[in-house]
Amino acid sequence: MLSFVPSVLLPKKKFIYHYKNMRWARGRHETYLCFVVKRRVGPESLSFDFGHLRNRNGCHVELLFLRHLSALCPGLWGYGATGQGRVSYSITWFCSWSPCANCSFRIAQFLSQTPNLRLRIFVSRLYFCDMEDSREREGLRMLKKVGVHITVMSYKDYFYCWQTFVARKQSKFKPWDGLHQNSVRLSRKLNRILQPFETEDFRDAFKLLGL
DNA sequence: ATTTTCAAT
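All of these numbers come straight from a predicted model, not from anything done at the bench.

1. Concerning helix H5 (residues 135-145)
Here comes step 1: Among the residues of H5, those classed as buried are Glu136, Arg137, Gly139, Leu140, Arg141 and Leu143.
Here comes step 2: Residue Gly147 follows H5 closely and has a positive phi angle near 95 degrees.

2. A word on the protein's contact with DNA strand B
Here comes step 1: Neighbouring DNA strand B are 21 residues; Trp24, Asn55, Ser98, Tyr127 and Asp130 lie closest to it.
Here comes step 2: For DNA strand B, the fraction of protein-proximal atoms (within 4 Å) that sit in sugar or phosphate groups is 38%.
Here comes step 3: His29 places a polar side-chain atom, nitrogen or oxygen, 3.4 Å from a base nitrogen of DNA strand B.
Here comes step 4: Partitioning the surface near DNA strand B into residue classes produces 9 nonpolar, 6 polar and 6 charged.

3. Let's talk about the environment of Val166
Here comes step 1: Checked against the element boundaries, Val166 lands in the loop between helix H6 (155-165) and helix H7 (179-194).
Here comes step 2: Sequence-wise, Val166 and Phe15 are 151 residues apart; in three dimensions their C-alpha atoms are separated by 7.1 Å.
Here comes step 3: Discounting chain neighbours no more than four positions away, the residues touching Val166 are Leu9, Leu10, Pro11, Lys12, Phe15 and Cys161.

4. Some details on helix H1 (residues 12-19)
Here comes step 1: Those residues of H1 that sit buried are Phe15, His18 and Tyr19. Take H1 and look down its axis: the buried residues cluster within an arc of 85 degrees, on one side only.
Here comes step 2: In the core, the buried residues of H1 are packed alongside strand E1 (32-41), strand E3 (87-97), strand E4 (117-125) and H6.

5. Topic: the layout of surface pockets
Here comes step 1: Each pocket or cavity is described by its volume, and for the largest pocket that value is around 660 Å³.
Here comes step 2: Looking at the lining of the largest pocket, the elements with two or more residues in it are helix H2 (61-67) and H7.
Here comes step 3: Top element by residues in the lining of the largest pocket is H7. It accounts for 3 residues.
Here comes step 4: Here the lining of the largest pocket is composed, by residue class, of 13 nonpolar, 8 polar and 9 charged.

6. With respect to the sheet that holds strand E5 (residues 149-152)
Here comes step 1: What the 5 strands build is an open sheet, ordered E2-E1-E3-E4-E5; its pairing is mixed. One side of each edge strand has no neighbouring strand; the edge strands of this open sheet are strand E2 (45-54) and E5. For this sheet, the mean inter-axis angle between neighbouring strands, taken without regard to orientation, is 15 degrees.
Here comes step 2: In this structure, E3 lies alongside E4, joined through 8 bridges in parallel fashion. Bridging across to E4, Trp97 finds its partner in Arg125.
Here comes step 3: Contacts from H1 reach E1, E3 and E4, with the element oriented near 100 degrees to E1.

7. Digging into empty space enclosed by the protein
Here comes step 1: All chains considered together, the criterion is met by 1 cavity of 30 Å³ or more.
Here comes step 2: Its volume calculated, the largest cavity comes out at about 40 Å³.
Here comes step 3: Around the largest cavity, the lining residues are Phe65, Leu66, Leu69, Ile91, Trp93, Phe110, Leu111, Leu117 and Leu119.
Here comes step 4: Where the lining of the largest cavity is concerned, the elements lending two or more residues are H2, E3, helix H4 (101-112) and E4.
Here comes step 5: Its residues assigned to classes, the lining of the largest cavity shows 9 nonpolar, no polar and no charged.

8. Some remarks on the environment of Leu63
Here comes step 1: Note that Leu63 resides in helix H2.
Here comes step 2: Look at Leu63 and you get buried, because its relative accessible area is 15%.
Here comes step 3: With 15 residues separating them in the primary sequence, Leu63 and Gly78 have C-alpha atoms 22 Å apart.
Here comes step 4: In contact with Leu63, other than residues within four places in its own chain, are Asn102, Cys103 and Arg106.

About the cut-offs
Residues numbered from 1 in each chain as written. Chains lettered and ligands numbered in written order. Predicted model: local features only at pLDDT ≥ 70, side-chain atom pairs only at ≥ 80, totals over all residues. Heavy atoms only, no water. Buried < 20%, exposed > 50% of the residue type's maximum accessible area, 1.4 Å probe, protein only. Helix = DSSP H or I, 4+ residues; strand = E, 2+ residues; numbered from the N terminus. Near = heavy atom within 4 Å. Polar contact = N/O pair within 3.5 Å; in protein donor to acceptor, adjacent residues only side chain to side chain. Nonpolar A, V, L, I, M, F, W, Y, C, P; charged D, E, K, R; others polar. Contact = heavy atoms within 4.5 Å. Arc of directions from axis to C-beta. 1 Å grid on protein atoms, 1.4 Å probe; cavity = no way out; pocket = protein on both sides within 12 Å on 5 of 7 lines; lining within 4 Å. Points joined across faces, edges and corners; volume = space filled by probe spheres on them. Pairing = 2+ DSSP bridges. Axes fitted to C-alpha atoms, helices over the stretch in contact; angles between N-to-C directions.

Laid out in structure tokens, this is it:
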């Protein structure tokens with residue numbers, strides 16, 4: 001079923017290099033997406049799938065994932081073979097970069113057509129989100145609007161990824177310098193991006209008050 | 001102080 005996934009586990013060095021949440025991540029011309037797919041049919045039955053992907057041939061990794069979604073999520077658009085009712089899926093992504101504007105809009109559009117699919121996105125770094133009016137910021141807000149939970153990865157998420165997706169051979173996850181501070185900084189930044197309306201309101205209120 | 005970004009050579 002997962003024949004399109006080249007290898008199940010990520011080499012340690014690759015994981016560290018691409019998921020490092022440093023301020024200037026020079027030379028990362030690849031994006032990795034580690035995923036967990038939970039499939040539910042009825043109240044009891046539950047199954048898992050996991051793996052990772054990277055962008056290829058100019059195709060962003062998120063769109064690559066969507067392209068293979070029907071293989072990963074059988075019955076997403078129909079009913080379960082057992083006739084117990086509709087299959088539902090919960091997907092969690094851990095991405096080294098947050099999605100670009102185009103991917104965000106495509107994902108949002110896709111999700112609005114698949115109510116039985118829930119998506120949670122963890123990101124290590126924010127992609128082109130420095131400008132206030134960047135389309136990437138718009139895209140992230142769009143994702144939030146359609147119910148995607150987007151979070152910046154913290155220590156526990158890197159730890160989980162290390163345990164789940166990395167060929168770690170019993171080695172323990174060693175956090176890099178600044179992991180926590182960077183995560184906190186990016187997390188605040190993301191929160192500001194996703195809650196622009198309150199700050200706008202404040203700005204308007206201050207303006208009205210002549211402050 | 002400034003540095004990057006799902007490449008293109």
